[in-house]
Every structure is written in structure tokens, then in C-alpha cells.
Amino acid sequence: MHRHVANPAEDTGSATIALIGNPNVGKSVVFGYLTGHYVIVSNYPGTTVEIARGRLAWEHYRALRGQNRYQRSARQRPNRGRRGAHHGRTLRRSHAFRRRHAAWEVIDTPGINNFIPTSEDELVTRNILMNQTPARILQVADAKNLRRGLLLSLQLAEMGLPYTLCLNMTDEAQDRGITIDALALSEELGVPVVETIATQKVGLDEARRRVLDTKSRPKEVPIPYPEPIKKATEELIPLLPEMPISRKSLALMLLSGDATLTAWMGTTFDEAHGEVIRSIIERIRRAFARSVSVEITQARMRAAAQLLERVVQQRETRLISLTQWLGRATTHPVGGFAFVAAVLTGMYYFVGVFGAGTLVDWLEEGLFGSYIIPGLSWVVETIFPWQLLRDLLIGEFGLLSMALSYSIAIVLPIVGTFFIAFGLLEDSGYLPRLSVMMNRLFKAMGLNGKAVLPMVLGLGCDTMATMTTRILDNRKERLVVTLLLALGVPCSAQLGVILGMLQGISIGAAAIWLGVVASVIFIVGYLAAKAIPGQSSDFLLEMPPLRKPVIGNIVIKTMARLEWYLREAVPLFFLGTFLLFVIDRLHLLVSIESATAPVVQSFLGLPVEATAAFIMGFLRRDYGAAGLFLLARNGQLDTIQILVSLVVITLFMPCIANLFMIIKEHGLRVALGMSAFILPFAILVGGAVNWSLRLLNGVVP
């Protein structure tokens with residue numbers, strides 16, 4: 001049977017496939033499948049805060065057409081003389097086919113709940129449909145929460161845009177006794193409906209085929225709008241220009257009071273024309289006691305509910321599954337904190353004991369200490385006669401003896417185990433429950449539980465977490481959380497090293513470190529929330545179900561994060577070591593140590609060798625932490641010194657990448673202001689801990 005394969009050249013619009021959907025429905029997984037590019041995928045909303053773009057992966061074209069034609073042609077070749085010409089034609093056709101279809105671009109848009117924008121995410125997604133006119137739309141909906149997905153489907157149909165509906169997470173819906181008649185839903189909406197389990201790649205081939213083949217406009221589902229709104233819509237339609245979306249949907253956006261269209265109206269209509277439109281909008285606004293936007297949304301929700309009744313069956317079940325029980329237990333006022341303690345204990349043993357102990361011992365003392373570094377030293381001394389070059393490579397601050405050992409033998413096993421543990425928590429859906437547990441604490445601080453998500457993400461990478469502060473509702477909250485991320489949330493690499501250092505001290509000492517850092521975060525957050533003008537927003541967060549983590553997802557996430565570490569962090573380790581080598585060769589290190597001795601040795605009570613670690617910390621805090629880890633491991637720090645050094649390096653300057661992200665998000669002045677506060681504050685807190693413990697005669701439980 002002949003299958004029509006979509007060609008961008010046949011479309012009048014741009015050759016893009018836009019992924020649209022509510023937050024946390026699996027769009028990023030589908031995007032990764034279609035493009036072959038990995039983007040961070042998590043079981044909680046807010047992961048996609050920027051538009052991700054990628055080309056449709058070549059294997060999808062080949063799967064559709066190329067392979068079968070080439071194989072059939074190869075079997076039919078009649079003789080050797082014609083083989084070359086035939087093979088050449090096949091290749092040319094294959095390359096031409098690839099060139100034609102390589103124009104397809106896939107866009108992963110931020111999750112939204114409505115096309116009438118109330119947030120930056122919704123505005124960005126709505127504008128893509130209005131201005132960029134994607135040739136194809138793949139709406140990804142959560143099968144177990146179809147009502148809110150249908151709210152978007154109805155609006156897409158009203159816009160007159162062709163789309164394919166992807167019912168994702170059908171396995172979780174079935175576990176909850178939800179059965180969806182996909183065929184009936186397809187007939188009701190007039191669009192293809194595909195059932196998928198994106199994390200297992202089930203149904204994605206069919207979704208890809210349908211979205212490329214679908215160009216017909218959907219059936220418009222009747223929506224029972226109030227009569228005044230219907231009449232006003234009919235009055236507005238003739239006044240509006242032709243747009244990529246229907247004039248009816250544009251009229252409803254204007255009637256709903258969409259403030260983001262004000263500038264568009266100013267540039268589109270003359271004064272008289274605009275005044276007529278504004279008078280209609282104002283008349284409707286006065287006709288209702290509550291917001292017109294609410295009236296429109298309520299009408300759409302009623303239509304979605306009626307549609308839902310016709311296509312969904314809910315099976316009654318009293319069986320409480322283990323997943324459901326865990327879901328409630330992890331947010332219980334008492335049991336939830338017991339669960340937090342169990343998670344932290346498990347991470348301590350996996351990352352601190354196994355990663356920082358067993359694996360680092362094997363790599364640093366075994367593989368690197370016995371074989372790799374001695375072998376590299378022999379090669380360098382044999383090949384290079386120049387002492388300066390030998391020192392640069394294998395000296396005290398050598399690129400091979402120090403940077404390579406630090407980054408691979410010490411930090412890599414620690415961050416690797418942390419990435420695995422963090423990926424497990426992400427994929428299970430536990431992190432949003434942590435937000436709920438922390439909501440009361442953050443409320444006292446002047447924020448809300450939603451702020452927990454960027455801060456938890458900061459345990460993976462502060463740079464990415466700073467970007468995800470966009471999910472917060474106002475600038476005040478974004479500024480406060482950005483400050484707390486830069487000040488007191490250690491990234492994965494740094495936290496791994498910290499857990500390794502904590503492994504060498506008592507539980508009481510570890511509790512002191514945790515108490516000091518948590519208290520600092522709370523006090524600084526509270527004062528910042530008081531000082532920065534603005535209102536705090538309400539806490540509304542969708543709670544995804546707990547689910548069994550998928551091993552494949554954890555492996556992919558861990559590999560992607562390890563790639564990030566090797567690509568972005570390790571080069572800075574080498575750069576920092578090189579700078580340290582230069583400083584040492586210029587005899588500046590001794591001068592710096594002498595100049596900072598009143599602070600490092602007298603105030604903080606640390607040995608002079610800690611100065612080099614703090615210098616490295618200016619590039620990356622985890623690099624500085626690795627230097628302190630080595631001092632502690634060699635017995636050059638006592639328990640109080642370990643505690644003080646941990647406090648200072650935890651509250652130390654944000655790394656270079658994070659600093660650039662703060663500049664990007666909030667501007668140079670804010671970034672410099674935060675840095676000017678953080679460095680002296682970290683030293684001040686470290687000194688206070690040092691003197692407090694020594695005044696107590698060094699008693700550490």
C-alpha cells in the first residue's frame with residue numbers, strides 16, 4: 001500500500017512540528033525520540049522552561065521510505081554492469097529525499113494550561129501558534145488527566161489548526177482503572193488519536209507517522225458559550241484580519257481580556273477601528289459579574305467534561321496499590337519527614353560511603369596511584385628534557401598529576417554515584433512531594449513550596465536551576481531563589497565531595513554543618529524576601545503519581561550529566577590547575593597565602609594549604625571542595641577544620657557558569673551585587689563557626 005510521506009515543500013507554512021501540551025505530560029521524552037537529542041526529562045512540571053529545537057532524526061525518514069526502496073532495488077539488479085548505475089541512482093534519490101525532509105524542525109514548547117496567557121510560558125507557546133505557524137502540531141496529553149488536555153484540544157480545534165493527539169501514560173491510566181475509547185475520541189475531535197507510553201517508546205512510531213501525514217483541519221466541537229459572548233464574537237470576527245489562527249479564536253482571546261494582545265492591536269488597527277473593538281470588549285466586560293476569561297474557560301471545561309463522559313470509562317476499585325500508598329505516605333506530616341530522612345541516609349551511604357570511599361580508594365590509590373600517574377610520569381620524564389614542562393605536567397600543580405587525578409580519580413566517582421541517586425529520585429516523582437513537605441517552611445521564609453523545585457534542581461546543577469527559576473510567578477521570588485542557589489545550594493559535584501568529607505567525621509559534626517547551612521539559607525531567604533519589594537504568590541503545583549523508575553531513563557540521564565561534567569567541568573579543572581601553576585611559578589602563591597593568612601589561618605583556623613583550594617573554588621566550588629577533601633583525607637584537617645572548611649566552601653562564590661547565568665537572567669548589576677555579598681558572608685559564617693566551636697573547647701559531638 002502506498003503511504004504518503006509528508007513533504008515540507010507541500011505546505012504553505014513553515015516546516016515545523018510543534019509539541020504542545022500541559023506541564024509534565026512527557027513532551028520532552030517525545031521530543032528526544034523525534035530528534036534524537038536528549039533534553040532533561042523529569043517526573044515533575046517546570047523542566048522545559050526554554051524552547052528546545054531539533055531536526056527530525058534521519059532514522060524516522062529511513063523508517064518511512066528509504067530502506068525498503070533501496071533493498072527492493074538491490075534485489076532486482078539484473079547484472080553487474082548495471083549495478084553501479086542503479087546503485088548511483090538509488091543513492092541520489094536517497095540523498096534528495098533526505099534533503100527534502102531534513103527541513104523538518106521539531107519544537108518542544110513549555111507546558112501550558114490555556115492559550116489565554118497568564119504566564120510567560122503560555123505567552124511563548126501561544127505566540128508560536130500565532131506567529132510561526134507550525135505545519136504540524138503534536139499535542140501530548142496525560143491519559144489519566146484527560147480533562148485538562150481536552151481543554152487545549154478544544155482551543156486548537158477552535159483555532160482551526162491541524163493536530164494529532166497523543167494520549168501519553170496510558171499504562172498509568174489503566175492502573176487507575178481509566179479506559180479511553182481512542183477511536184471514539186478521534187471521531188469526536190476529527191483528528192488522529194494515538195495511545196503511547198513515551199518512556200517505553202510504545203506508540204511513538206505511530207504518533208510520528210500520524211503527525212507527518214495529518215494536514216486536514218479538525219472538527220470544531222460545539223462549546224456552550226454564554227449568549228452575550230457568542231454575539232460579541234460574531235461582531236468581532238468581521239473586524240479582525242486574516243491570521244494563521246481562526247478569527248473566532250482571536251476574537252475570544254480579545255474578549256477574555258488578553259492583555260498581551262494590546263500591543264498587537266495598536267500596530268494592527270487604526271484609531272477608529274481599534275475603538276470599535278475596544279467598545280465591544282468593554283461592553284462584554286460589564287455584562288458579567290466575574291471575569292469574561294473565567295466565563296470562557298468555564299464553558300470550555302463544560303464541553304470538555306461532556307466529551308469526557310462519552311469517551312472515558314472509570315472502573316471502580318478499592319484496591320490501594322503500593323504506589324498510591326507511598327504517594328500518600330511521602331506527603332504525610334510525620335511519615336513524610338521520616339521518608340526524607342530515609343532518602344538522605346540512603347544517599348549518604350551510596351554517595352558518601354560507596355562513591356567517596358570505596359570507588360575513590362580504588363581509583364585514586366589503586367588505578368591512578370599505582371599505574372596511571374607513575375606511567376605518565378615515566379613517559380613525560382623520558383620524552384621531555386625540559387624541567388618546566390615536566391613540572392607543568394607532573395609537578396605539584398601538574399595538569400596530569402593534579403587536574404587529571406582530581407577530576408577523574410576523586411570527583412568523577414562521587415558525582416557519578418550522586419547522578420544515579422538523583423536520577424532515581426527524579427524519575428520516581430518524589431521531588432514534587434518534597435515541595436509539598438517544605439511548603440510550610442518556605443512560607444515562613446516568604447516564598448512557597450514551588451521554590452523548592454529550582455533549589456532541588458540546584459543539587460544537580462546551580463546553573464540550570466537558576467534558569468528554571470522562571471517557573472516562579474514573580475521577579476521577587478526569582479531573585480530570592482537565585483540568591484539562595486548562588487549562596488547555599490551545592491551542585492551535584494560539590495555535594496558529592498561534601499558527602500565524602502562528611503563520611504570522615506561524626507554524625508553530630510555532620511548535623512552541625514547541615515544546621516548551619518540550613519539556618520543561613522532560611523535567614524538570608526527571610527531577610528531577602530522582606531527587603532525585595534513584591535507580593536508572594538500562592539502555591540499551586542500539580543502532583544504527578546509516584547511510579548517505578550525506569551532503568552533506561554536513569555542510565556540516559558546519568559550519561560548525559562556525566563557528559564556535561566566531562567565537557568564543562570573538567571576543562572575548568574585543568575584551567576584552574578594551570579593558573580595555580582603560573583601563580584606558584586611567579587611566587588605569587590606564597591604572597592597570597594601571606595596576605596590571606598589573617599583570614600584563612602587566624603580567623604578561619606585553617607592550614608595555609610587551604611588557600612590554594614579556595615583559589616580553585618573561584619573557578620568551581622567542587623574543584624575547591626576536592627582540594628579540601630584531599631587535605632582531610634591526608635589528615636591535614638581536624639574535625640573543626642573540616643566543619644569550617646565545609647561551611648565556607650558550601651557558601652562560597654557561585655561558579656563561573658552560574659555567574660554568567662545570573663547575568664543572563666537578572667543583569668550584570670544583580671550578579672555583581674550577589675557576588676559582593678556572598679564571598680565576605682561565607683567567610684564571616686565560617687569564622688563564626690570556628691570561634692564558636694573553639695570557645696566551647698572544641699567539643700564536637
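Everything quoted here is computed from the prediction, not taken from an experiment. (Residues numbered from 1 in each chain as written. Predicted model: local features only at pLDDT ≥ 70, side-chain atom pairs only at ≥ 80, totals over all residues. Heavy atoms only, no water.)

## Quick notes on the overall build of the protein chain
- Along the protein chain, the regular secondary structure elements total 30 helices and 8 strands.
- Looking at the protein chain as a whole, 53% of its 701 residues are labelled buried.
- Taking the contacts inside the protein chain whose residues are at least 6 apart along the sequence as the reference set, 78% of them involve residues at least 24 apart.
- As presented, the protein chain carries roughly 31,600 Å² of accessible surface, and 60% of it is formed by carbon and sulfur atoms. (Helix = DSSP H or I, 4+ residues; strand = E, 2+ residues; numbered from the N terminus. Buried < 20%, exposed > 50% of the residue type's maximum accessible area, 1.4 Å probe, protein only. Contact = heavy atoms within 4.5 Å. Areas by Shrake-Rupley, 256 points an atom, 1.4 Å probe, with all protein chains shown as cover.)

## Remarks on helix α17 (residues 399–428)
- Taking the largest bend as the criterion, α17 deviates by roughly 50 degrees, centred on Val411, and proline Pro413 comes between one and four positions later.
- Here α17 lies mainly inside the structure; 24 of its 30 residues are buried.
- Directly beyond the C-terminal end of α17, a positive phi value near 85 degrees is found at Gly429. (Bend = angle between axes of the 7 residues up to and from the residue.)

## Thoughts on the environment of Pro549
- Tracing the chain through its elements places Pro549 in the loop between α23 (507–531) and α24 (551–585).
- Residue classification places Pro549 among the partly exposed residues on the basis of a relative accessible area of 24%.
- In this structure the C-alpha to C-alpha distance between Pro549 and Gly429, which are 120 residues apart in sequence, comes to 8.6 Å.

## Some details on the environment of Ala299
- As for its position among the elements, Ala299 is in helix α13 (residues 292–311).
- Here the alpha-carbon distance between Ala299 and Pro226, two residues 73 residues apart in the chain, equals 7.8 Å.
- Apart from residues no more than four positions distant in its own chain, Ala299 is found in contact with Ile223, Pro224 and Tyr225.

## Here's the deal with the packing of helix α21 (residues 475–488) against α23
- Across the interface, α21 lies against α23 with an axial gap of 10 Å and an inter-helix angle of 155 degrees. In terms of axis orientation, α21 runs roughly antiparallel to α23. Taken as a pair, α21 and α23 cross one another with a handedness that is right-handed. On α23, the residues touching Lys476, Val480, Leu483, Leu484, Leu487 and Gly488 of α21 are Val517, Val520, Ile521, Val524, Gly525, Ala528 and Ala529. (Axes fitted to C-alpha atoms, helices over the stretch in contact; angles between N-to-C directions. Parallel < 35°, antiparallel > 145°, perpendicular 65-115°, else oblique. Left-handed = near helix turned anticlockwise from the far one by under 90°.)

## Quick word on the packing of aromatic side chains
- On inspection of all chains with the given rule, the structure shows 7 aromatic pairs.
- With centroids separated by 6.5 Å and ring planes inclined at 35 degrees, the aromatic side chains of Phe384 and Trp386 adopt a geometry described as tilted.
- Given a relative accessible area of 54%, Trp386 falls into the exposed group. (Phe/Tyr/Trp six-rings, centres within 6.5 Å; stacked < 30°, edge-to-face > 60°.)

## Topic: a nonpolar patch on the surface
- Together, Leu575, Phe578, Leu579, Val582, Leu586 and Leu588 make up an exposed nonpolar region whose accessible area comes to about 500 Å².
- With 4 residues, α24 is the single largest residue contributor to the nonpolar patch.
- With respect to the helices, strands and loops of the structure, Leu588 is situated in helix α25 (residues 588–603).
- Note on Leu588: relative accessible area 39%, which makes it partly exposed. (Patch = residues over 30% accessible without salt bridge, like charges linked within 9 Å, V, L, I, M, F, W, Y side chains within 5 Å. Salt bridge = Lys/Arg side-chain N within 4 Å of Asp/Glu carboxyl O.)

## Notes on helix α30 (residues 668–695)
- Compared with the 40 Å implied by 1.5 Å per residue over 28 residues, the 41 Å span of α30 between its first and last C-alpha is a close match.
- Turning to α30, its buried residues number three or more, namely Ala671, Met674, Ser675, Ile678, Phe681, Ala682, Val685, Gly686, Gly687, Val689, Asn690 and Leu693. (Expected span 1.5 Å × (residues − 1).)

## Quick word on the confidence of the model for the protein chain
- The predicted model of the protein chain averages 79 in pLDDT, with 83% of residues at 70 or higher.
- Overall, residues 1–13 carries pLDDT values under 50, and its contacts beyond four positions in sequence, including any with other chains, amount to 28 contacts. (pLDDT = per-residue confidence, 0-100.)

## Considerations on the nonpolar core
- Tyr406, Tyr565 and Phe614 are the most contacted members of the largest nonpolar core, which totals 104 residues.
- Top element by residues in this core is α17. It accounts for 12 residues. (Core = buried A, V, L, I, M, F, W, Y, C linked by side-chain atoms within 4.5 Å.)

## Description of unusual backbone geometry
- With phi around 60 degrees, Met169 is a residue other than glycine that occupies positive phi space.
- Tracing the chain through its elements places Met169 in the loop between β5 (164–168) and α6 (170–175).
- Notably, Lys201 is not glycine yet its phi reads approximately 65 degrees, a positive angle.

## What about the pairing of strand β2 (residues 52–55)?
- Judged by which residues are buried, β2 turns out to be one-sided: Ala52 and Gly54 face inward and are buried, whereas Arg53 and Arg55, on the alternate face, are not.
- In the sheet, β2 pairs with strand β3 (residues 105–108) via 4 bridges, with the strands oriented antiparallel. Residue pairing for β3: Arg55 is matched across the bridge by Glu105. (Pairing = 2+ DSSP bridges.)

## Overview of the pattern of salt bridges
- Within this structure, the stated rule accounts for 15 salt bridges.
- Where Arg278 meets Glu271, a salt bridge forms, and the shortest distance between an N and an O atom there is 3.6 Å.
- Since its relative accessible area comes to 36%, Arg278 is described here as partly exposed.
- Two residues, Arg278 and Glu275, come together in a salt bridge whose shortest N-O distance is 3.8 Å. Of this pair, Arg278 and Glu275 both sit in helix α12 (residues 271–287), separated by 3 residues, roughly a single helical turn.
- Judged by relative accessible area, which is 43%, Glu275 ranks as partly exposed.
- It is possible to trace a salt-bridge network through shared partners that takes in Asp142, Lys144 and Glu172.

## Structural notes on the packing of helix α5 (residues 146–159) against α13
- At a minimum axis distance of 9 Å, the contact between α5 and α13 shows a crossing angle of 110 degrees. Between α5 and α13, the crossing angle belongs to the class labelled roughly perpendicular. Classified by chirality, the crossing of α13 by α5 is right-handed. Within the contact between the two elements, α5 uses Leu146, Arg147, Leu150, Leu151, Leu154, Gln155 and Glu158 and α13 uses Thr297, Arg300, Met301, Ala303, Ala304, Ala305, Leu307 and Leu308.
- Residue classes in the contact of α5 with α13 are distributed as 10 nonpolar, 2 polar and 3 charged. (Nonpolar A, V, L, I, M, F, W, Y, C, P; charged D, E, K, R; others polar.)

## Examining the pairing of β5
- Taking burial as the measure, the 5 residues of β5 include 5 buried ones, the bulk of the element.
- One ladder, built from 5 bridges, connects strand β4 (residues 134–142) with β5; its direction is parallel. Residue pairing across strands places Ala141 opposite Leu167, the latter belonging to β5.
- Taken together, β4, α5 and β5 constitute a β-α-β crossover, and its handedness is right-handed.
- One ladder, built from 3 bridges, connects β5 with strand β7 (residues 193–195); its direction is parallel. (Right-handed = clockwise from strand over helix to strand, strands pointing away.)

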